[in-house]
Amino acid sequence: MDLTAVRTFVTVADSGQFQEAAAVLGVTQQAVSKRIAALERELGVRLFTRTARGAEPTVDGQAFLPYAHELLLAEERAAASVRRGRRPLRVDVVGARLAPAALLRGFHEAHPELALDVVTLFDVESALTALRSGAIDASFRAVAMPGRPLQRGIEAARVYDEPVQLLTGPGHVLAGRTSVAPGELAGHRIWIPGIVEGTEWAAYYASLAAEFGLAIDSSGPNFSGALQDALADSGTLATLVSERTGLVWPDGHGLRRIPLVDPTPLYPHSLLWAAANPHPALTALRTHLAGARPPRTTAATWTPGWAETVRGVFRP
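Residues numbered from 1 in each chain as written. Predicted model: local features only at pLDDT ≥ 70, side-chain atom pairs only at ≥ 80, totals over all residues. Heavy atoms only, no water.

Engineer: What is the right way to read the overall build of the chain from this model?
Structural biologist: Of the regular secondary structure elements, the chain holds nine helices and 12 strands. On C-alpha atoms alone, the chain measures out to a radius of gyration of 20 Å, which is about the 20 Å that the 2.2 N^0.38 rule sets for 316 residues. Reported as C-alpha extents along the three principal axes, the dimensions of the chain are approximately 60 × 50 × 35 Å. Burial analysis of the chain (316 residues in total) assigns 47% to the buried set. (Helix = DSSP H or I, 4+ residues; strand = E, 2+ residues; numbered from the N terminus. Rg over C-alpha atoms; globule rule 2.2 N^0.38 Å. Buried < 20%, exposed > 50% of the residue type's maximum accessible area, 1.4 Å probe, protein only.)

Quick look at the structure:
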């Protein structure tokens, strides 16, 4: 199997756009299309459906994606096995448009001399497996969720507490507010499609709902742009997003991002790594994150009790 085509497939799936994937890979959009077409012929299935907003993986594409990630990780491990002292630091950021990716981008900008590979694994179990095997060097996760303590040999430190915000359309009853208390959302329809049971974000939203009496609807697939379209047209529908989650919506949608206060729910990002990992850039990453973490706010905040057990100390 052509790993260049596999890498192109993963890049399109992550970005949702052939044009954006071409920019990331440094090739033309035509080259991206040809690689995907060749891979589809080899596999005998369609991997993407073209939409007005870009490209959505088909059912077959979604099934192939985790194995494509594994192929690329295997390729990197094979190359690293014969590379003397030059293996890039491999870090899992959960999603390319979430806060951990921005934190890692800040590290790269501060240390452009350090080689860096960025991967996106699905859940904490996948990340822990990759850490133990050496497939990755570090992972950004919300950890210590109920019933899943960290295994021996894995260390963690809280690196960023990200505020959660309310996102509504312009006709929502709360759209004109400058802030909203979490308790005021009780009785409102909060739709967060695509929550997968057993993941750390599912555990977080379950704790949030229990704490403030919310009813969170996770039904339906999380199609790119579909949630924003639904919010724009609804006077009753709302969702929750993290402060640094990158969102794009068409002109005219008029969506509102409204801070939650008294208390502000925080999503607790931690860095995980294997204690025995000797990669020298791992020390630089931990030191950078320790220095970049913002000071604790004096405002009232909330995080799940299970997240408060992660208070690791960065050690150079």
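Engineer: Where do I start with the pairing of strand β3 (residues 89-92) in this structure?
Structural biologist: Consecutive side chains of a regular strand alternate in pointing toward one face of the sheet and then the other. A two-sided burial pattern is seen for β3, the buried positions comprising Leu89 and Val91 on one face and Arg90 and Asp92 on the other. Summarising the sheet, β3 and strand β4 (residues 116-119) pair through four bridges and their orientation is parallel. Counted as the bridge partner of Asp92 is Val119 from β4. Once the chain exits β3 it traverses helix α5 (residues 99-110) before rejoining the sheet at β4, and the crossover so formed is right-handed. Here β3 pairs with strand β5 (residues 138-141) via two bridges, running parallel. Directly across from Val91, in β5, lies its bridge partner Ala138. (Pairing = 2+ DSSP bridges. Right-handed = clockwise from strand over helix to strand, strands pointing away.)

Engineer: How should I be thinking about helix α3 (residues 29-43) in this particular structure?
Structural biologist: Two residues of an α-helix separated by three or four positions point the same way, owing to the 3.6 residues in each turn. Taking 1.5 Å per residue, 15 residues should reach 21 Å; α3 reaches 21 Å between its end C-alpha atoms and fits that length. Among the residues making up α3, those that are buried are Val32, Ile36, Leu39 and Glu40. Down the axis of α3, the buried set is contained in an arc of 100 degrees. They therefore lie on one face. Exposed positions of α3 whose direction lies more than 90 degrees from the buried face are Gln30, Lys34 and Arg41. Just downstream of α3 lies Gly44, where phi reads positive at about 75 degrees. (Expected span 1.5 Å × (residues − 1). Arc of directions from axis to C-beta.)

Engineer: Is there a simple way to think about the environment of Phe9 in this case?
Structural biologist: Along the polypeptide, Phe9 turns up in helix α1 (residues 3-15). The exposure class of Phe9 is buried, given its relative accessible area of 0%. Phe9 sits 258 residues away from Tyr267 along the chain, and the two C-alpha atoms are 30 Å apart. Residue contacts for Phe9: discarding those within four places in its chain leaves Ile36, Leu39, Leu47, Phe48, Gly61, Phe64, Leu65 and Ala68. (Contact = heavy atoms within 4.5 Å.)

Engineer: Help me understand the layout of surface pockets in this model?
Structural biologist: Empty space left among the atoms is revealed by rolling a probe the size of a water molecule over them. Space inside the second largest pocket adds up to approximately 920 Å³. Along its surface, the second largest pocket is lined by 26 residues, and Thr11, Asp14, Val24, Val118 and Val119 are the ones closest to its centre. Listed by contribution, the elements that provide at least two residues to the lining of the second largest pocket are α1, α2 (18-25), α4 (59-80), α5 and β4. Residues that form the lining of the second largest pocket fall into these classes: 12 nonpolar, five polar and nine charged. (1 Å grid on protein atoms, 1.4 Å probe; cavity = no way out; pocket = protein on both sides within 12 Å on 5 of 7 lines; lining within 4 Å. Points joined across faces, edges and corners; volume = space filled by probe spheres on them. Nonpolar A, V, L, I, M, F, W, Y, C, P; charged D, E, K, R; others polar.)

Engineer: What's the story with the packing of aromatic side chains in this structure? I'm lost.
Structural biologist: What describes a pair of aromatic rings is the distance from one ring centre to the other and the angle between the planes of the rings. In the structure shown here, the tally under the stated rule is eight aromatic pairs. Arranged with centres 5.3 Å apart and planes meeting at 50 degrees, the rings of Phe9 and Phe48 form a pair that is tilted. Residue Phe9 is found in helix α1, and its partner Phe48 is found in strand β1 (residues 48-51); the two are separated by 39 residues along the sequence. Note on Tyr204 and Trp302: the rings are 5.8 Å apart at their centroids and 55 degrees apart in plane angle, and the pair reads as tilted. Separated by 98 residues along the polypeptide, Tyr204 in helix α7 (residues 200-212) and Trp302 in strand β12 (residues 301-302) bring together distant segments of the chain. (Phe/Tyr/Trp six-rings, centres within 6.5 Å; stacked < 30°, edge-to-face > 60°.)

Engineer: Would you mind showing me how to read the side chain of His253 here?
Structural biologist: Considering the arrangement of structural elements, one finds His253 in the loop between β9 (237-242) and β10 (256-259). Of the residues examined, His253 reaches a relative accessible area of 14% and is grouped as buried. Residues in contact with His253, not counting those within four places in the same chain, are Pro170, Gln228, Asp229 and Ala232.

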